[in-house]
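Next come the chains, spelled out residue by residue.
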Amino acid sequence: MLEAGEENLRQISGVTRASAAVLQDVAYVADRLPENGEETRQFLGNWDSILEYADVYLANAPRGQVRALFLDSRNQLIADEAVPAFLHEGSSHETMACIRQAVALVLQRALALHACALVTVDWVAEDQTQDQTLAQNAPFVRELQRSAPLLAVEVHDHIAIGCGEWRSFNHHTGPKS
């Protein structure tokens, strides 16, 4: 019945045009449901998909906030969460302790989510450039890149986004699409 065309439904079953349209919508939706009860996840396996995700879902994140995008083995989003704040100022000992604590919390969360990879995204504060933000967060990114592989978690990149542009910690720079 769900696969019958609108005319067949109306002639054979006597359903109204509106009811036939609803039955066809049910079939359309059912065809697109994930198999085996698995939920569908947002694919973030390339630059375009990450930047599109940032445009749509992270646009209202507070400026200066760092977000961690936890990914599964197919680069599909498991979770998007704020990275615990860490100090940029103060003595180098206090700063490194805070950075290590932030990295430890991110990696603990990655393990709890069974994440295989992650991307960190920094919404650049209004009074900074992408390059300044990347330089400021470099100790955090380096510590994350050093520690994550010990737990079988890959850090794809750290991206700074602001004023319609983006910069990658690992790769080339370019305009935000």
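Bear in mind the structure is a predicted one, so any value in this text is a computation, not a measurement.

1. Considering the nonpolar core
Membership of the largest hydrophobic core comes to 20 residues, with the highest contact counts inside it found for F70, V106, L118, F140 and L144. Of all the secondary-structure elements, those providing two or more residues to this core are strand 1 (66-71), helix 4 (92-113) and helix 5 (130-147). In terms of residue count, the dominant contributor to this core is helix 4 (7 residues). The residues touching L118, leaving out its near neighbours within four places in the chain, are L69, F70, V106, L107, A110, L144, V153, E154, V155, H156 and D157. Counting residues in hydrophobic clusters, the runner-up holds 17 residues, among them I50, A54, L69 and L77.

2. Quick word on a nonpolar patch on the surface
A contiguous nonpolar patch, built from L111, L150 and L151 and spanning about 300 Å² of accessible area, is present on the exposed surface. Among the residues examined, L111 registers a relative accessible area of 41% and is labelled partly exposed.

3. Some thoughts on unusual backbone geometry
What you tend to see is this: most non-glycine residues have negative phi, and most peptide bonds are trans. Of note, N75 is a non-glycine position whose phi angle comes to about 60°, a positive value. Looking at the secondary structure, you find N75 in the loop between strand 1 and strand 2 (77-82). Backbone geometry places A152, a non-glycine residue, at a positive phi of 60°. With respect to the helices and strands, the residue A152 is situated in the loop between helix 5 and strand 4 (154-162).

4. Remarks on the packing of aromatic side chains
This model, assessed by the stated rule, comprises 2 aromatic pairs. Where W47 meets W166, the ring centres are 4.6 Å apart and the plane angle is 25°; that geometry is what we call stacked. With a gap of 119 residues between them, W47 in helix 3 (residues 47-57) and W166 in strand 5 (residues 165-168) connect regions that are remote in the sequence. Here W47 falls in the partly exposed class, since its relative accessible area comes to 24%. Judged by its relative accessible area of 4%, W166 falls in the buried class.

5. Digging into the environment of A160
By the secondary structure assignment, A160 is in strand 4. Residue A160 is classed as buried on the basis of its relative accessible area, which comes to 0%. Through-space distance from the C-alpha of A160 to that of T133 is 6.8 Å; in sequence the pair is 27 residues apart. If we skip the residues at most four places from it in the chain, A160 touches D122, V124, Q130, T133, L134, E165, W166 and R167.

6. Quick notes on the pattern of salt bridges
In the structure shown here, the tally under the stated rule is 6 salt bridges. Notably, a salt bridge pairs R167 with E165, separated by 3.3 Å at the nearest N-O pair. On the accessibility criterion, E165 (34% relative accessible area) is partly exposed. Among the ionic contacts, a cluster of salt bridges with common partners joins D131, E165 and R167.

7. Here's the deal with the confidence of the model for the protein
Scored by pLDDT, the protein has a mean of 81; 75% of the residues are at 70 or more. By mean pLDDT, the top-scoring element of the protein is strand 1 (96), and the lowest-scoring one is strand 6 (residues 173-175) (43). Throughout residues 173-177 the model reports pLDDT below 50, and contacts reaching past four residues in sequence, or to other chains, amount to 17 contacts.

The rules behind the values
Residues numbered from 1 in each chain as written. Predicted model: local features only at pLDDT ≥ 70, side-chain atom pairs only at ≥ 80, totals over all residues. Heavy atoms only, no water. Core = buried A, V, L, I, M, F, W, Y, C linked by side-chain atoms within 4.5 Å. Buried < 20%, exposed > 50% of the residue type's maximum accessible area, 1.4 Å probe, protein only. Helix = DSSP H or I, 4+ residues; strand = E, 2+ residues; numbered from the N terminus. Contact = heavy atoms within 4.5 Å. Patch = residues over 30% accessible without salt bridge, like charges linked within 9 Å, V, L, I, M, F, W, Y side chains within 5 Å. Areas by Shrake-Rupley, 256 points an atom, 1.4 Å probe, with all protein chains shown as cover. Salt bridge = Lys/Arg side-chain N within 4 Å of Asp/Glu carboxyl O. Phe/Tyr/Trp six-rings, centres within 6.5 Å; stacked < 30°, edge-to-face > 60°. pLDDT = per-residue confidence, 0-100.

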